[in-house]
Amino acid sequence: MNKSCPTRIFDFIFPNAHRNTPSCFTELTEGRFGSVRGLLIAAIVSGTVLQAHTATAQDAAETEAAAAETTAEAKPETYPDDFWTEAERPVYPRGAVMSEDKLFVLDSDAPGVWTVPWPATEAAKPERFVTGSRYLRKTMNRPYSATPHPGGGVLVGDSATREIYHVTPNADAPGGQDAKPLNGGFLGIPMALAISPDGNTIYVGDAERRATFALPIEGGEPELIVRVNARGLVFDDEGALYAVTPDADAVVKINVAEKTSEPVVTDRPYGFPGGIAWHDGTGFVSDVYGKCIWQFTADGKTEKWFDEELLLGPVGLSATADAVIVSDPKAKQVYRIDRESKEVTKLLAE
């Protein structure tokens, strides 16, 4: 505000007044206004002018501050040198799921996603696809689930930020990737992810809320589907969604259109289920505590399918017509198990 404003207003109303003389007030009152009432009216007028000037100055200052804030927001975010995780190979591979040409391997401890070529019949050196932060509660600091995005890249469910990210490699971006958050932190612990057969919807098992949610593939607020505590999710050949849970109803079939569910495998036969897969009428469940893989059918029958000593704590599962793929974080390995011969192939080169 112009500091000379009060003086200028005084001089405008009292052009011939001597402001520093003792008789100033009396002379002004009687000579200029004829009464105290007149003086009060003049004071009100001058106050209004001063107030208007102050408001204008305040508006200008606020506009200036807003412009400065916009400029600050436009600056690219900077990261410490050790913000993004660097590792030579997967440390805790808890998930494995295929796209047409890649096998994505989710790592929770050295947070990020690795890939090896797919189809695979022998071990290959994993390549870092996307990476998470070393910093607590930052981007992908503790991912628990991942699945390929139908438009490219990978979806990653992160418990550290309560978020699902669509991550795509970008050499010019921080960390060499673009990570777009999709659910605004609405979820708690996204333990399981599955994409609808039409590619339009993401289904999420939230371990914190013990429920299964859905959100659009492009992102948005998740919608409650059923109160099923899914630790793994997979669609069958007919579009039904199967969930594996740590509860008494170990495998549950979900009708996503009607938002209903029904138990398939009951009485808690598994020690601690970690993942679920389905292909051509048969489902598979990994048992972390049992160190084995079970198979089940839609009518609820279940039995051990693979029980070899090499499994130390199997978690993530995928299935094809001729093989089951299982990630074992304790063994730091991903295995391909032939469905006919049960022959085992390591997929991560030592």
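Look a little higher up for the structure.
The structure presented is a predicted model; accordingly, all values stated were derived computationally and were not measured.

**Q** Which residues make up the overall build of the chain, and what values go with them?
**A** In terms of helices and strands, the chain carries three helices and 24 strands. The buried share of the chain, taken over its 350 residues, is 47%. The contacts in the chain between residues at least 6 apart in sequence include a share of 41% that link residues at least 24 apart. Carbon and sulfur atoms make up 50% of the accessible area of the chain, which totals about 18200 Å².

**Q** Account for unusual backbone geometry, naming residues and giving values.
**A** Of note, the bond from tryptophan 118 into proline 119 is cis; its omega dihedral lies within 30 degrees of zero at 0°. Even without being glycine, arginine 137 reaches a positive phi, approximately 65°. The residue arginine 137 is located in the loop between strand 4 (127-131) and strand 5 (143-148) in this model. The phi dihedral of arginine 162 falls on the positive side, at around 55°, and the residue is not glycine. Here arginine 162 shows up in the loop between strand 6 (154-158) and strand 7 (163-169).

**Q** Give me the sheet that holds strand 10 (residues 201-206): which residues, what numbers.
**A** Strand order in the open sheet formed by four strands is 9-10-11-12, and the pairing between neighbours is antiparallel. The open sheet is flanked by strand 9 (190-195) and strand 12 (223-226), the only strands paired with a single partner. Across the sheet, the mean angle from the axis of one strand to that of its neighbour is 30°, orientation sign disregarded. Examined bridge by bridge, strand 9 and strand 10 share five bridges and lie antiparallel to one another. Across the sheet, the residue bridging to alanine 194 is tyrosine 203, located in strand 10.

**Q** Pulling in residues and values, what's your account of the environment of alanine 87?
**A** For alanine 87, the position within the fold is in the loop between helix 3 (36-74) and strand 1 (93-98). Assessed through its relative accessible area of 27%, alanine 87 is described here as partly exposed. It is 9.6 Å that separates the C-alpha atoms of alanine 87 and glycine 112, two residues lying 25 residues apart in sequence. If we skip the residues at most four places from it in the chain, alanine 87 touches Ala110, Trp114 and Arg128.

**Q** Describe in detail the pairing of strand 22 (residues 323-328), supporting the description with residues and values.
**A** Each regular strand carries side chains that alternate between the two faces of the sheet. When you tally the buried positions in strand 22, you get six out of six residues, the bulk of the element. In strand 22, alternate side chains face the same way, and those of Ala323, Ile325 and Ser327 on one face and Val324, Val326 and Asp328 on the other are all buried. Alignment of strand 21 (residues 317-319) against strand 22, held across three bridges, turns out to be antiparallel. Within strand 22, the position partnered with leucine 317 by the bridge is valine 326. Here strand 21 folds back onto strand 22 in antiparallel fashion, the turn holding three residues. In terms of strand pairing, strand 22 meets strand 23 (residues 333-338) through six bridges, oriented antiparallel. Pairing of valine 326 across the sheet is with tyrosine 335, part of strand 23.

**Q** Account for the layout of surface pockets, with residues named and values stated.
**A** Approximately 1200 Å³ is the volume found for the largest pocket. In this structure, the largest pocket is lined by 48 residues; those nearest its centre are Val97, Met98, Thr147, Pro148 and Ser318. At the level of secondary structure, the elements contributing two or more residues to the lining of the largest pocket comprise strand 1, strand 2 (102-107), strand 5, strand 9, strand 13 (232-235), strand 17 (273-279) and strand 21. Here the element with the most residues in the lining of the largest pocket is strand 17; it accounts for six residues. Of the residues contributing to the lining of the largest pocket, the split by class is 26 nonpolar, 15 polar and seven charged. Taken together, Glu77, Tyr79, Phe83, Trp84, Lys138, Thr139, Tyr165, Pro174, Gln177, Asp178 and Ala179 make up the full set of residues lining the second largest pocket. Here the lining of the second largest pocket takes three residues from strand 8 (residues 177-181), the largest share from any one element.

**Q** I'd love a proper account of the pattern of salt bridges, names of residues and values included.
**A** By the definition in use, this model includes nine salt bridges. Between aspartate 247 and arginine 210 there is a salt bridge, and its shortest N-O distance comes to 3.0 Å. Remark: arginine 210 occurs in the loop between strand 10 and strand 11 (211-216) and aspartate 247 occurs in the loop between strand 14 (241-244) and strand 15 (251-255); sequence separation between them is 37 residues. We classify aspartate 247 as partly exposed; its relative accessible area is 24%. Measuring nitrogen to oxygen at the nearest pair gives 3.8 Å for the salt bridge that ties lysine 304 to aspartate 307. A relative accessible area of 46% means that aspartate 307 is categorised as partly exposed.

**Q** Report on the environment of proline 169, specifying residues and quantitative values.
**A** You can see proline 169 is positioned in strand 7. The class for proline 169 is partly exposed, based on a relative accessible area of 45%. Distance from proline 169 to alanine 179, taken between C-alpha atoms, is 8.7 Å for residues 10 residues apart in sequence. Ignoring any residue separated from it by four or fewer positions in sequence, one finds proline 169 in contact with Phe129, Val130, Gly176 and Gln177.

**Q** Explain the sheet that holds strand 1 residue by residue, including any values.
**A** On the basis of which strands lie adjacent, the open sheet formed by four strands has the order 1-2-3-4 and antiparallel pairing. Each having just a single partner strand, strand 1 and strand 4 make up the two edges of the open sheet. Neighbour-to-neighbour, the strand axes of this sheet turn through a mean angle of 25°, independent of strand direction. Relative to strand 3 (residues 112-117), strand 2 is paired through six bridges, and the arrangement is antiparallel. In the strand pairing of strand 3, valine 105 is matched with tryptophan 114.

Cut-offs and rules
Numbers given to residues run from 1 along each chain, matching the order in which its sequence is written. For this predicted model, a pLDDT threshold of at least 70 governs which residues receive local features, and a threshold of 80 or more governs which side-chain atom pairs are given and counted, while totals over whole chains, interfaces and linings are taken from all residues. No hydrogens and no water enter the side-chain calculation; it runs on all heavy atoms of the structure. Each helix is a run of DSSP H or I of at least 4 residues and each strand a run of E of at least 2, with the numbering of both proceeding from the N terminus. Accessibility here uses a 1.4 Å probe with only protein chains present; expressed as a share of the type maximum, an area under 20% marks a residue as buried, one over 50% as exposed, and anything in between as partly exposed. Throughout, a residue-residue contact means that at least one pair of heavy atoms, one from each residue, lies within 4.5 Å. Accessible surface is estimated by sampling points in the Shrake-Rupley manner with a 1.4 Å probe; for residues, cover comes only from the protein chains shown. Strands are labelled as partners when DSSP assigns at least two bridges between them. Fitted lines through C-alpha atoms serve as axes, helices being fitted only where they are in contact, and the angles separating the N-to-C directions of these axes extend from 0 to 180 degrees. Detection works on a 1 Å grid of protein atoms alone, calling trapped sets that fit a 1.4 Å probe cavities and calling open sets with protein on both sides within 12 Å along at least five of seven lines pockets, with lining residues defined by an atom within 4 Å of a point. Grid points are joined across faces, edges and corners, and a volume is the space filled by probe spheres set on the points. The residue classification treats Ala, Val, Leu, Ile, Met, Phe, Trp, Tyr, Cys and Pro as nonpolar and Asp, Glu, Lys and Arg as charged. All others, Gly included, are polar. Whenever Lys or Arg places a side-chain nitrogen within 4 Å of a carboxyl oxygen from Asp or Glu, that contact is recorded as a salt bridge.

Without other data, these values stay purely geometric and don't point to any function.
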